[in-house]
Amino acid sequence: APPTPLTPLLTWFMENMAAALTCVTIMSWCLLKGVDSTLAAGFGFIPWLLAGCKALLNNYPGKCGVPAAPQYFVNALNVFGAWAMLTQQAFAPDVIKGFAAWIGLNGVAMALAPKPAIDAWGVKSADDTTLVFVKAFGYFMCANAAMLAGIALDEPAAKIIGYGWAPCMLSILDGLF
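From a predicted model like this one, the values you see are computed outputs, not experimental measurements. (Residues numbered from 1 in each chain as written. Predicted model: local features only at pLDDT ≥ 70, side-chain atom pairs only at ≥ 80, totals over all residues. Heavy atoms only, no water.)

Draft legend 1. Fine view of unusual backbone geometry. For N59, which is not a glycine, the phi torsion comes out positive at approximately 55 degrees. With respect to the helices, strands and loops of the structure, N59 is situated in the loop between α2 (37-57) and α3 (60-64). Phi at D154 takes a positive value of approximately 60 degrees, unusual for a residue other than glycine. Note that D154 resides in the loop between α7 (128-152) and α8 (157-176). Taking the relative accessible area as the measure of exposure, D154 reaches 64% and is therefore exposed. (Helix = DSSP H or I, 4+ residues; strand = E, 2+ residues; numbered from the N terminus. Buried < 20%, exposed > 50% of the residue type's maximum accessible area, 1.4 Å probe, protein only.)

The structure is reproduced here in structure tokens:
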């Protein structure tokens, strides 16, 4: 079979997947080093910010035929969330809870039903390879959400990290069957 072409949509989801896993890695590393959990969550948001800016600067929404306005909105929310966490605002715990729910909801949708999830983005068509990456991205979003939930629950670092890597293990198991 010929190789799958590297389409803008596939590229976008591959980059989002890498950003999501980098977020988990940064939060894990920070927690292992004893960084305050709110700051760890904030540092973990930096890859989201970079991926979002890159997507907009490279016009991925336009290249993929999806509306750009929601992407600007999500990026603005991510900037607000990172600012609240990195500056340890009094309401940062509520922001962390909100992002845990938001990212978790989107992650579950993408992991369990990638086609309807990206249809909701406005994507007109996606090949099977892209849908595999959307699914993996969903699991990595769930990993972020699980870590944020652990932080919101004030769990110890080892538990938070375990919560975060559990969805990654589910992704591997899902890929096997």
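Draft legend 2. View of the pattern of salt bridges. Tallied over the full model, the rule gives 5 salt bridges. Notably, a salt bridge pairs D119 with K115, separated by 2.8 Å at the nearest N-O pair. Note that D119 and K115 are positioned in helix α6 (residues 114-121) at a spacing of 4 residues, about one turn of the helix. A salt bridge links E155 to K159; the nearest nitrogen and oxygen atoms lie 3.9 Å apart. A residue is classified by how much of its surface remains accessible, and E155, at 22% relative accessible area, is partly exposed. (Salt bridge = Lys/Arg side-chain N within 4 Å of Asp/Glu carboxyl O.)

Draft legend 3. Spotlight on the side chain of T38. Tracing the sequence through the fold places T38 in helix α2. With near-sequence residues (within four places) excluded, T38 lies in contact with M85, Q88, A92 and I96. (Contact = heavy atoms within 4.5 Å.)

Draft legend 4. Here's a closer look at the nonpolar core. Counting residues in each nonpolar core, the largest one holds 44 residues, and the members touching the most others are F45, W48, I103, F137 and L148. Those elements that provide at least two residues to this core are α1 (8-32), α2, α3, α4 (69-86), α5 (92-112), α6, α7 and α8. Of all the elements, α7 adds the most residues to this core, at 11 residues. Excluding its chain neighbours within four sequence positions, the residues that come into contact with F45 are N78, A82, M85, F99, I103 and L148. (Core = buried A, V, L, I, M, F, W, Y, C linked by side-chain atoms within 4.5 Å.)

Draft legend 5. Broad picture of the packing of α1 against α2. Packing of α1 against α2 leaves a shortest axis separation of 8 Å and a crossing angle of 165 degrees. Relative to α2, the element α1 lies roughly antiparallel. Our pair here, α1 against α2, has a crossing hand that is right-handed. Across the interface between the two elements, W12, E15, N16, A19, A20, T22, C23, I26, M27, C30 and L31 of α1 pack against S37, A40, A41, F43, G44, P47, W48, A51, K54 and A55 of α2. Partitioned by chemical class, the residues of the contact of α1 with α2 number 15 nonpolar, 4 polar and 2 charged. (Axes fitted to C-alpha atoms, helices over the stretch in contact; angles between N-to-C directions. Parallel < 35°, antiparallel > 145°, perpendicular 65-115°, else oblique. Left-handed = near helix turned anticlockwise from the far one by under 90°. Nonpolar A, V, L, I, M, F, W, Y, C, P; charged D, E, K, R; others polar.)

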